[in-house]
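# A structural walkthrough
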Amino acid sequence: MPNKAFLEITNVCNLSCPFCHGTKRKAGFMTVDEFRLAAKRLRPFADYLYFHLLGEPLLHPELETFFNISAELGFQNIITTNGTLLKEREEVLLNAKALRKVSISLHCYEVNAMGMSLDDYLLQCFSFCRKAAAQGMIAVMRLWNHGGSDALNARILQKMHDYFPGEWKQLHSGFMLAEKTFLEWGELFAWPDMNADDFGANHSCYGLRDQVGVLCDGTVVPCCLDAEGDIALGNIFETDIETILQSPRVKAMKKAFEMRNVTEPLCRRCGYASVKRR
């Protein structure tokens, strides 16, 4: 049973990062009624609700309402942001019901002109993390750029050490900087794309086993990396999730992942799976 649901409340972003797949889909923002219906239908299958797949969720004007609906349904909420709007949406985030974790993608600064200095951007992110942790939230800063754009990493780390002094506790994925405050490392990977090279069938995936994704138009996809909805399994605005996940195609995909004999063309072109297989 999936335990994570990635619900894309918007596919619009205020940045353009080359390491992000982006989308050719029509720009959209999920309405309150659409969110309520999708979240209600996802609830029996997931405890953790992620407010993104693509897009910058802090852009959504109904974010506070979405948090309230999700909390009423009993979800633990998780949000990933590029951090540029943290100061503007800080009150909404810090007062959000059932917001378990906020992840900030610091590596976005490297490849975008943001209209603010790196120091100001980092201070905004660091300050938010401290406030969030003080309220019991998990605050994660992510540098998913090993093997790619990482020229600013040394400077970012120095600023981070200055703001979070003392000895950091090393973890398998990075460091614990302070109580409920973390730095995570990650290696750059190529998003699955139908025009990419075929990496072969010998890999597995968490898609449909511990996660499911829903695009902002309601399209259900197997994982958080199907940026274009190439594996469209149904539409959650039209069909309950139980029916969608019992379809022959879903059952075949899950079996293929278990047997490490992937058949879906998009999954065979997943750079994330290729990196993890090494």
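This structure is a prediction, so every number in the text was calculated from the model and none was measured.

## A closer look at the packing of helix 4 (residues 118–134) against helix 5 (residues 153–163)
It is at 11 Å that the axes of helix 4 and helix 5 come closest, and there the two elements cross at 45°. One way to sum up the angle between helix 4 and helix 5 is to call them oblique. Here helix 4 runs over helix 5; the crossing is right-handed. Of helix 5, the residues touching helix 4 (which contributes Leu118, Asp119, Leu122, Leu123, Phe126, Ser127 and Arg130) are Arg155, Ile156, Lys159, Met160 and Tyr163. Across the contact of helix 4 with helix 5, the residue classes break down as seven nonpolar, one polar and four charged.

## A closer look at the state of the cysteines
On inspection of all chains with the given rule, the structure shows zero disulfides. Residue Cys205 stays outside any disulfide, its sulfur separated by 5.1 Å from that of Cys223, the closest cysteine. The class of Cys205 is partly exposed, set by a relative accessible area of 24%. Free cysteine: Cys270, not disulfide-bonded; nearest cysteine sulfur from Cys223 at 6.4 Å.

## Brief notes about the environment of Gln124
By the secondary structure assignment, Gln124 is in helix 4. Along the backbone, Gln124 and Leu86 are 38 residues apart, and their C-alpha atoms lie at a distance of 7.0 Å. With sequence-adjacent residues up to four places away left out, Gln124 is seen in contact with Gly83, Thr84, Leu85, Leu86, Lys87 and Met116. Within the structure, the side chain of Gln124 is placed 3.2 Å from the backbone oxygen of Thr84, a separation counted as a polar contact.

## Points about the nonpolar core
Core analysis: the largest hydrophobic core is formed by 69 residues, its most contacted members being Phe35, Leu42, Ile104, Leu106 and Met160. The element contributing the most residues to this core is helix 4, with eight residues. Look past the residues within four positions of Leu42 in its chain and what remains in contact with it is Ala5, Leu7, Leu49, Phe75, Val212, Val214, Ile236 and Ile241. Ile78, Trp191, Val221 and Leu225 belong to the second-largest nonpolar core, a separate cluster that totals 13 residues.

## Topic: the pattern of salt bridges
Per the stated rule, a full pass over the model turns up ten salt bridges. Residue Arg268 is joined to Asp198 by a salt bridge in which the shortest nitrogen-to-oxygen separation is 2.9 Å. Of this pair, Arg268 sits in the loop between helix 7 (248–259) and helix 8 (271–277) while Asp198 sits in the loop between strand 8 (181–187) and strand 9 (211–214), and the two are 70 residues apart along the sequence. One connected set of salt bridges, linked through shared partners, spans Asp119, Arg155 and Lys159.

## Focus: the side chain of Ser105
Along the chain, Ser105 falls in strand 4 (residues 99–105). Setting aside anything within four residues of it in sequence, one finds Ser105 in contact with Thr80, Thr81, Asn82, Tyr121 and Arg142.

## Some points on the environment of Asp217
By the element assignment, Asp217 lies in the loop between strand 9 and strand 10 (219–221). For Asp217, a relative accessible area of 42% translates into the label partly exposed. Separated by 207 residues in the primary sequence, Asp217 and Thr10 have C-alpha atoms spaced 9.0 Å apart.

## Comments concerning the environment of Ala46
Within the secondary structure, Ala46 is located in the loop between helix 1 (32–42) and strand 2 (48–50). On the basis of relative accessible area, Ala46 is assigned to the buried category, the value being 2%.

## Remarks on helix 5
Residues spaced three or four apart along an α-helix face the same direction, because each turn holds 3.6 residues. Those residues of helix 5 that sit buried are Asn153, Ile156, Met160 and Tyr163. Projected down its long axis, helix 5 carries its buried residues within an arc of 90°, all on one side. In helix 5, the exposed residues that point more than 90 degrees away from the buried face are Ala154 and Asp162.

## Description of the packing of aromatic side chains
Throughout the structure, instances matching the rule amount to eight aromatic pairs. Consider the rings of Phe35 and Phe66, whose centres lie 4.2 Å apart with planes at 10°: the pair is stacked. Of the two residues, Phe35 sits in helix 1 while Phe66 sits in helix 2 (residues 63–72), which places them 31 residues apart along the sequence. Each member of the pair, Phe35 together with Phe66, is buried. Between Tyr163 and Phe164, the ring centres sit 5.0 Å apart and the planes meet at 65°, which makes this aromatic pair edge-to-face. An aromatic cluster of three or more residues is present, and its members are Phe35, Phe51, Phe66 and Phe67.

The rules behind these values
- Residues numbered from 1 in each chain as written.
- Predicted model: local features only at pLDDT ≥ 70, side-chain atom pairs only at ≥ 80, totals over all residues.
- Heavy atoms only, no water.
- Axes fitted to C-alpha atoms, helices over the stretch in contact; angles between N-to-C directions.
- Helix = DSSP H or I, 4+ residues; strand = E, 2+ residues; numbered from the N terminus.
- Parallel < 35°, antiparallel > 145°, perpendicular 65-115°, else oblique.
- Left-handed = near helix turned anticlockwise from the far one by under 90°.
- Contact = heavy atoms within 4.5 Å.
- Nonpolar A, V, L, I, M, F, W, Y, C, P; charged D, E, K, R; others polar.
- Disulfide = S-S within 2.5 Å.
- Buried < 20%, exposed > 50% of the residue type's maximum accessible area, 1.4 Å probe, protein only.
- Polar contact = N/O pair within 3.5 Å; in protein donor to acceptor, adjacent residues only side chain to side chain.
- Core = buried A, V, L, I, M, F, W, Y, C linked by side-chain atoms within 4.5 Å.
- Salt bridge = Lys/Arg side-chain N within 4 Å of Asp/Glu carboxyl O.
- Arc of directions from axis to C-beta.
- Phe/Tyr/Trp six-rings, centres within 6.5 Å; stacked < 30°, edge-to-face > 60°.

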